[in-house]
Amino acid sequence: MKTKRRPLRFLLLLGAAFLFAYLVFTLGLSGYYTYNLLHPACPVAADAQPGYDLVSLTMADGVELSGWWHAPQNNSVIIMLPGSGGNRDAMLPYAQPLAQAGYGIMILESRNCAGHMVTLGWRESEDMQTMLGYALSQPDVEWVGALGFSVGGAAALNAAADDERIQTVVAMGQYANLYTEFTNSAGAVMSYEWQIDNLVAMEYWLFTGVSSAALSPEEDIRLITSRPVLLIFGELEIANGNGYAQAEAGGSNTELWVIPGAGHGGYIQAAGDEVGERIAEFFDASFNQ
């Protein structure tokens, strides 16, 4: 009897070893991806920009972030946040046409540039609130709009949903819901891709303490339907970002601009100066109401 049991025991041990190795590899792979997603590299930023002052702001959780401040000429300021990993220079191409039109500019770097974890919209929305407070504390500032790209766009919509002092929002290339963003490329249920994507969503919660499903620009935009919103997507990214559904959720005060041939972040490359001009015109129309 003992000799008959040995092959079965061996097979059970072999199966357990395979399962253990599978779990270690899968958890390691998803954990590596999640960690790098929340700790992207930060490009080197310039030391000085003509017309801009380098400022340092303390966020709600005590993190110090640097940014650019350009004083307004028309009593209005646009607060700006780049995508995940963007430095304080990342939004300057969008800022310059607005500064030339008289708007004040407040640009803040991504949290990773100060050595901290990014949260893909949660802490970044709180950072927008700090930027709003700074802008409104400056002399003669009476009106504030927000402009964000990708994670910054998600943060801008969430911050506006929480604070009516943000009068107008331009959001570019943001996800519709972070959980969906993590899992919308998944294959069939229980496929390896499905397992990895759902593990990333779970590990995001473990790293941040926040459910990715709770970060939903598509729901945030429903709370700001009384204010003007411009959504900008590239033709090649809008399906992944569920941009049409976001625009529909915003109602009649939300405009959608789909830039032909553009991918994620490739708006100026595809449409040139029209991007800055259209954003400035949108803020002008809201500001002059």
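Note that the structure is a prediction, hence the values are computed from the model and not measured.

## Comments concerning the packing of helix H2 (residues 92-100) against helix H10 (residues 273-287)
Angle between the axes and distance between the axes: these two values describe a pair of packed helices.
Then step 1. Contact geometry of H2 with H10 gives a least axis separation of 9 Å together with a crossing angle of 50 degrees. As judged from the angle between their axes, H2 and H10 are oblique. Crossing geometry of H2 relative to H10 is assigned as right-handed. Along its contact with H2, which presents Tyr94, Pro97 and Leu98, the element H10 presents Val275, Gly276, Ile279, Ala280 and Phe283.
Then step 2. Counted by class, the contact of H2 with H10 contains seven nonpolar, one polar and no charged residues.

## What to know about the sheet that holds strand S1 (residues 53-58)
As a general point, the strands of a sheet are linked pairwise by backbone hydrogen bonds and lie either parallel or antiparallel.
Then step 1. The mixed open sheet is built from eight strands, whose spatial order is S1-S2-S4-S3-S5-S6-S7-S8. Strand pairing shows two members of the sheet lacking a second neighbour, S1 and strand S8 (254-259), which therefore form its edges. Adjacent strand axes in the sheet meet at a mean angle of 20 degrees, parallel and antiparallel pairs treated alike.
Then step 2. Across the face of the sheet, helix H3 (residues 122-136) comes into contact with S1, strand S2 (64-70), strand S3 (76-81), strand S4 (104-108), strand S5 (143-149) and strand S6 (166-172) while running at roughly 155 degrees to S3.

## Here's the deal with empty space enclosed by the protein
Then step 1. With the rule as written, the count across this model stands at two cavities of 30 Å³ or more.
Then step 2. Considering only enclosed or pocket space, the largest cavity measures out at about 70 Å³ in volume.
Then step 3. As for the largest cavity, its lining consists of 13 residues, and the residues nearest its centre are Pro82, Ser110, Arg111, Glu124 and Val151.
Then step 4. Classifying every residue of the lining of the largest cavity by side-chain character gives six nonpolar, three polar and four charged.
Then step 5. Computed from the structure, the second largest cavity encloses a volume of approximately 40 Å³.
Then step 6. Along the walls of the second largest cavity sit Gly121, Ala154, Ala155, Asn158, Tyr175, Leu215, Ser216, Pro217 and Asp220, which together make up its complete lining.
Then step 7. Elements represented by at least two residues in the lining of the second largest cavity include exactly helix H4 (151-162) and helix H7 (217-220).
Then step 8. Top element by residues in the lining of the second largest cavity is H4. It accounts for three residues.

## Section: the state of the cysteines
Then step 1. A full pass over the atoms with the stated rule returns one disulfide.
Then step 2. Each sulfur in the disulfide pair cysteine 42 and cysteine 113 lies 1.9 Å from the other. The S-S bond linking cysteine 42 to cysteine 113 shows a torsion near 95 degrees; that makes this disulfide right-handed. Linking cysteine 42 in the loop between helix H1 (2-38) and S1 with cysteine 113 in the loop between S4 and H3, this pair joins segments that are 71 residues apart in sequence.

## A word on the side chain of asparagine 198
Then step 1. Assignment of secondary structure puts asparagine 198 in helix H6 (residues 192-208).
Then step 2. Within the structure, asparagine 198 has its side chain in polar contact with the side chain of tyrosine 179 (distance 2.8 Å).
Then step 3. Once you skip the residues sitting within four places of it in the chain, asparagine 198 turns out to touch Tyr179 and Thr183.

## Digging into the pairing of S1
Then step 1. Of the pairings in the sheet, the one linking S1 to S2 comprises six bridges and is antiparallel in character. Within S2, the residue paired with leucine 57 across the bridge is leucine 65.
Then step 2. The hairpin formed by S1 and S2 contains five residues between the paired strands, and glycine 62 there has a positive phi angle of roughly 90 degrees.

## Re the packing of aromatic side chains
Then step 1. For the structure on display, the rule yields 10 aromatic pairs.
Then step 2. Note on tryptophan 143 and phenylalanine 283: the rings are 6.3 Å apart at their centroids and 90 degrees apart in plane angle, and the pair reads as edge-to-face. Note that tryptophan 143 is positioned in strand S5 and phenylalanine 283 in helix H10, a separation of 140 residues in sequence. Phenylalanine 283 carries the same exposure label as tryptophan 143, and that label is buried.
Then step 3. Through pairs of rings, three or more aromatic residues link up here, namely Tyr103, Trp143, Phe283 and Phe287.
Then step 4. Across from the ring centre of tryptophan 68, 5.2 Å away, lies the NZ or CZ of arginine 88, which sits over that ring.
Then step 5. Here the basic side chain of arginine 123 rests over the ring of tryptophan 122, its NZ or CZ set 4.3 Å away from the ring centre.

Rules and cut-offs
- Residues numbered from 1 in each chain as written.
- Predicted model: local features only at pLDDT ≥ 70, side-chain atom pairs only at ≥ 80, totals over all residues.
- Heavy atoms only, no water.
- Axes fitted to C-alpha atoms, helices over the stretch in contact; angles between N-to-C directions.
- Helix = DSSP H or I, 4+ residues; strand = E, 2+ residues; numbered from the N terminus.
- Parallel < 35°, antiparallel > 145°, perpendicular 65-115°, else oblique.
- Left-handed = near helix turned anticlockwise from the far one by under 90°.
- Contact = heavy atoms within 4.5 Å.
- Nonpolar A, V, L, I, M, F, W, Y, C, P; charged D, E, K, R; others polar.
- Pairing = 2+ DSSP bridges.
- 1 Å grid on protein atoms, 1.4 Å probe; cavity = no way out; pocket = protein on both sides within 12 Å on 5 of 7 lines; lining within 4 Å.
- Points joined across faces, edges and corners; volume = space filled by probe spheres on them.
- Disulfide = S-S within 2.5 Å.
- Polar contact = N/O pair within 3.5 Å; in protein donor to acceptor, adjacent residues only side chain to side chain.
- Phe/Tyr/Trp six-rings, centres within 6.5 Å; stacked < 30°, edge-to-face > 60°.
- Buried < 20%, exposed > 50% of the residue type's maximum accessible area, 1.4 Å probe, protein only.
- Lys NZ or Arg CZ within 6 Å of the ring centre and 35° of its normal.

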